[in-house]
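Chain by chain, the residues:
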Amino acid sequence: MICTGCSCLCDDVEIRDGKILNACYRGYKVYSKLSENRARALVDRREVSVDDAIEKAVEILGQAKNPALYGFDTTTVEAQEVAVKIAEKLNAFIDDNSSFCLGEVVEAILKKDVPSTTLEDVRDQAYVIFYWGANPYSSAPRHMSKFTYYPRGMKRLKGYEDRFLVVVDVRRSETAKLAKKNAIFIKVESDDELVESFNLALEGKAGKYAKEVGTVITELKRSDFNAMFVGLGLKYGVRNLDGFFEMIRKINRVAKLYLIPSAFHSNMRGFNEVLFEKTGSINKFSFKEQRSDKLFAFTELLKRDEIDAVLLLGTDPLSSIPFEISKKIMRIKTVVVDPKMSLTAKIAKVVVPSAFSGFESSGTMVRSDGVRKRLEPIEEKEVNDLWILKKISEGL
Ligand code: SF4
């Protein structure tokens, strides 16, 4: 089966005699806790049938003046497509975690502003493996062993001995500790200064990190296939991401360097692609205004008390966004669709229990590099995200 514990979507995971094989500790945790704390169909915290919960959800969303839809990063492409249709039908706002995660990186790749490639090609060909502001050790534990640094590939027959590792971070992360032989760890105080150093080096001038940048550029020039993986450390470390993308384009004039976002929720990229195809934007979209804007990010809408109802699917904002903002959810009518009785589900007006995409329902997800994977669940549950969203859409 395919593990949906993170955006690596590892396709070699097996369930045998009730045990999960080949998964990392993160995937194991999801599988071993599958049956714990499951959601129940609730309206005003009273137990009801699933049909009654869906009927109430339709009533709330249909009567709302300014509804929003938020989440959708752990569900399938098929369910995301229905979610976008619901948002369009309601003239609503729609957003996902990518607005404060790596959305801009996915957007630059979808718009072809920077070159990107697949993880299989990285495994087979990449010489320099460059992690900037990313620590796959915790965010995507099999990233390095399955796709990037350790595995042997067609042109990298000796695995990591045939590669050069670059790690940029503000601290010596677990990934940075691996940067010993054939490797360099660049500890930065400011990511912007490192971007500037690359730009200066490419113009033949010396910046603050001249020595380290000189080494990296020399190594990049040794191969026609190198890959950089960026994480949240980069997103929150640089003031100007466009300047960073410009640096990637400049490097590509002297050496081939492909960019891939490192890791995020299992199908965040799927959401970005579905919305991009429909609207030309990847997140923070208002169907009423027919445009995307940072003011339409879910957290911003909450801050300004701009919405009166929200459909949340596969997300738990009460435990993931600052309480000062998320507590405003208690003031609006909230419909939660989730396999688990999350913190947000506990205060929701309506809860519709769903299946775990990947483990309990099939469909398609998009890996961090844009490759589509067909899910092969352990069992197929009828009441899954797609079924629930279709019912809501039909009711509206
Ligand atoms: S790396 Fe991600 S997809 Fe792969 S087994 Fe671990 S959690 Fe699952």
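Residue positions within a chain follow its written sequence, with the count starting from 1. Local features are withheld for residues below a pLDDT of 70 in this predicted model, meaning they are given only at 70 or higher, and side-chain atom pairs are given and counted only at 80 or more; totals for whole chains, interfaces and linings count all residues. Neither water nor hydrogens contribute to the side-chain values; these are computed over all heavy atoms in the structure.

1. A word on the nonpolar core
In this structure, Trp 132, Phe 198, Met 228 and Phe 244 are the most contacted members of the largest nonpolar core, which totals 42 residues. The helix and strand labels rest on DSSP assignments: H or I over at least four residues marks a helix, E over at least two residues marks a strand, and numbering proceeds from the N terminus. With 6 residues, helix 12 (residues 241–251) is the largest single contributor of residues to this core. The contact definition used throughout considers only heavy atoms, calling two residues in contact when any of these lie within 4.5 Å. When neighbours within four sequence positions are excluded, Met 228 is seen to be in contact with Phe 130, Trp 132, Phe 244, Met 247, Ile 248, Leu 257, Tyr 258, Leu 259 and Ile 260. Residues belong to one nonpolar core when they are buried, are Ala, Val, Leu, Ile, Met, Phe, Trp, Tyr or Cys, and are joined through side-chain atoms within 4.5 Å. With a 1.4 Å probe rolled over the protein chains alone, any residue whose accessible area is under 20% of its type maximum counts as buried; one over 50% counts as exposed, and the rest are partly exposed.

2. Overview of the sheet that holds strand 9 (residues 183–187)
Each strand in a sheet pairs with another by means of backbone hydrogen bonds, the pair being arranged parallel or else antiparallel. Here, any two strands with at least 2 DSSP bridges between them count as paired. Across the sheet, which stays open at both edges, the 5 strands sit in the order 9-8-7-10-11 with parallel pairing between neighbours. Either end of the sheet is taken by a strand with one partner, and the two such strands are strand 9 and strand 11 (257–261). Ignoring strand direction, the axes of neighbouring strands in this sheet form an average angle of 15 degrees. As defined by bridge partners, strand 7 (residues 128–132) adjoins strand 8 (residues 164–169) across 5 bridges and the pair is classed as parallel. Each residue of the ladder has a partner; that of Phe 130, found in strand 8, is Val 166. Note on definitions: angles span 0 to 180 degrees between N-to-C directions of axes, and those axes are lines fitted to C-alpha atoms, for helices only across the stretch in contact.

3. Quick look at the layout of surface pockets
Which parts of space are left empty comes out when a probe the size of a water molecule is rolled across the atoms. Volume-wise, the largest pocket comes out at about 1000 Å³. Throughout, the protein atoms alone are placed on a 1 Å grid, and a set of points is a cavity if a 1.4 Å probe fits but cannot get out or a pocket if it is open with protein on both sides within 12 Å along at least five of seven lines; lining residues have an atom within 4 Å of a point. Val 30, Thr 74, His 265, Lys 340 and Phe 356 are the residues nearest the centre of the largest pocket, which is lined by 28 residues in total. Taken together, the elements giving at least two residues each to the lining of the largest pocket come down to helix 1 (25–32), helix 15 (317–320) and strand 15 (333–338). When grouped by side-chain class, the residues that make up the lining of the largest pocket number 7 nonpolar, 13 polar and 8 charged. As for the second largest pocket, its lining consists of 19 residues, and the residues nearest its centre are Cys 101, Ser 139, Leu 232, Ala 263 and Phe 264. Of all the secondary-structure elements, those providing two or more residues to the lining of the second largest pocket are helix 6 (136–139) and helix 11 (232–237). Each residue is assigned to one of three groups, with Ala, Val, Leu, Ile, Met, Phe, Trp, Tyr, Cys and Pro labelled nonpolar, Asp, Glu, Lys and Arg labelled charged, and all others, Gly among them, labelled polar. Across the lining of the second largest pocket, the residue classes tally to 7 nonpolar, 10 polar and 2 charged. Grid points are joined across faces, edges and corners, and a volume is the space filled by probe spheres set on the points.

4. Considerations on the site of the ligand
Contacts to the ligand come from Cys 3, Gly 5, Cys 6, Cys 8, Leu 9, Cys 10, Ala 23, Cys 24, Arg 26, Gly 27 and Arg 142. Tallied by class, the residues present in the shell around the ligand amount to 7 nonpolar, 2 polar and 2 charged. Any residue with at least one heavy atom within 4 Å of a molecule or strand is counted as near it.

5. Here we look at the domain arrangement of the protein chain
In terms of domains, the protein chain is made up of domain 1 (38–98 + 267–395) and domain 2 (103–261). For domain 1 versus domain 2, the separation of C-alpha centres amounts to 33 Å. Between domain 1 and domain 2, the residue contacts involve 12 residues of the former and 15 residues of the latter. As a working definition, buried area equals the accessible area (1.4 Å probe) given up by two parts on being put together, with both sides summed. Of the roughly 1100 Å² buried between domain 1 and domain 2 on both sides combined, carbon and sulfur atoms contribute 63%. Whenever Lys or Arg places a side-chain nitrogen within 4 Å of a carboxyl oxygen from Asp or Glu, that contact is recorded as a salt bridge. The interface formed by domain 1 and domain 2 holds 1 salt bridge in total. Measuring nitrogen to oxygen at the nearest pair gives 2.5 Å for the salt bridge that ties Arg 367 to Glu 120. N or O atoms closer than or at 3.5 Å make up a polar contact, with two conditions inside protein: a donor-capable atom paired with an acceptor-capable one, and, for residues adjacent in sequence, both atoms drawn from side chains. Where domain 1 meets domain 2, there are 3 residue pairs in polar contact (both at pLDDT 80 or more). Class assignment of the residues belonging to the side of domain 1 that touches domain 2 gives a composition of 4 nonpolar, 4 polar and 4 charged. The source of the domain bounds is an automatic or database domain assignment.

6. Some thoughts on the sheet that holds strand 16 (residues 350–353)
Across the sheet, 9 strands lie side by side as 4-3-16-15-14-5-6-12-13; this open sheet has mixed pairing. Each of the sheet's edge strands pairs with one partner strand only, and the pair in question is strand 4 (46–47) and strand 13 (291–292). With 5 bridges joining them, strand 5 (residues 67–71) and strand 14 (residues 309–313) adopt parallel strand pairing. Residue pairing across strands places Tyr 70 opposite Leu 312, the latter belonging to strand 14. Sheet contacts for helix 2 (residues 50–63): strand 3 (42–43), strand 14, strand 15 and strand 16; angle to strand 16, the most-contacted strand, approximately 135 degrees.

7. What about helix 9 (residues 191–202)?
Over its 12 residues, helix 9 runs 17 Å from end to end, which matches the ideal 16 Å to within 8%, given 1.5 Å per residue. Listed as buried for helix 9 are Asp 191, Asp 192, Leu 194, Val 195, Ser 197, Phe 198, Asn 199 and Leu 200. Where helix 9 is buried, its residues contact strand 7, strand 8, strand 9, helix 10 (210–221), helix 11 and helix 12. At the N-terminal boundary of helix 9, the capping side chain belongs to Ser 190, with an oxygen 3.2 Å from the backbone nitrogen of Asp 192. Of the residues one or two after helix 9, Gly 204 is the one with positive phi, at around 80 degrees. Residue count minus one, scaled by 1.5 Å, sets the expected span of a helix.

8. Examining the packing of aromatic side chains
In this description, an aromatic ring pair is defined by two values, namely the gap between the centres and the angle between the planes. Two aromatic rings from Phe, Tyr or Trp, using only the six-membered ring of Trp, form a pair when their centres are within 6.5 Å; if the ring planes differ by under 30 degrees the pair is stacked, by over 60 it is edge-to-face, and anything between is tilted. Enumeration according to the criterion identifies 15 aromatic pairs in this entry. Ring centres of Phe 72 and Phe 271 lie 6.3 Å apart, and the angle between their planes is 10 degrees; this geometry places the pair in the stacked category. Here Phe 72, found in the loop between strand 5 and helix 3 (77–89), pairs with Phe 271, found in helix 13 (residues 268–279); they are 199 residues apart in sequence, far enough to count as distant. By the burial criterion, Phe 72 is buried, and Phe 271 matches it. Between Tyr 149 and Tyr 150 the ring centres are 5.0 Å apart and the planes differ by 65 degrees, which places this aromatic pair in the edge-to-face class. A relative accessible area of 35% means that Tyr 150 is categorised as partly exposed. Among the aromatic residues, those joined into a cluster by ring pairs are Phe 130, Trp 132, Phe 198, Phe 244 and Phe 245.

9. A word on the pattern of salt bridges
Taken as a whole and assessed by the stated rule, the structure comprises 34 salt bridges. In this structure, Glu 47 and Arg 40 form a salt bridge, with 3.1 Å as the shortest nitrogen-oxygen distance. Take Glu 47: its relative accessible area is 59%, and that puts it in the exposed class. Its relative accessible area of 39% is what places Arg 40 among the partly exposed residues. Between Arg 374 and Glu 78 there is a salt bridge, and its shortest N-O distance comes to 3.3 Å.

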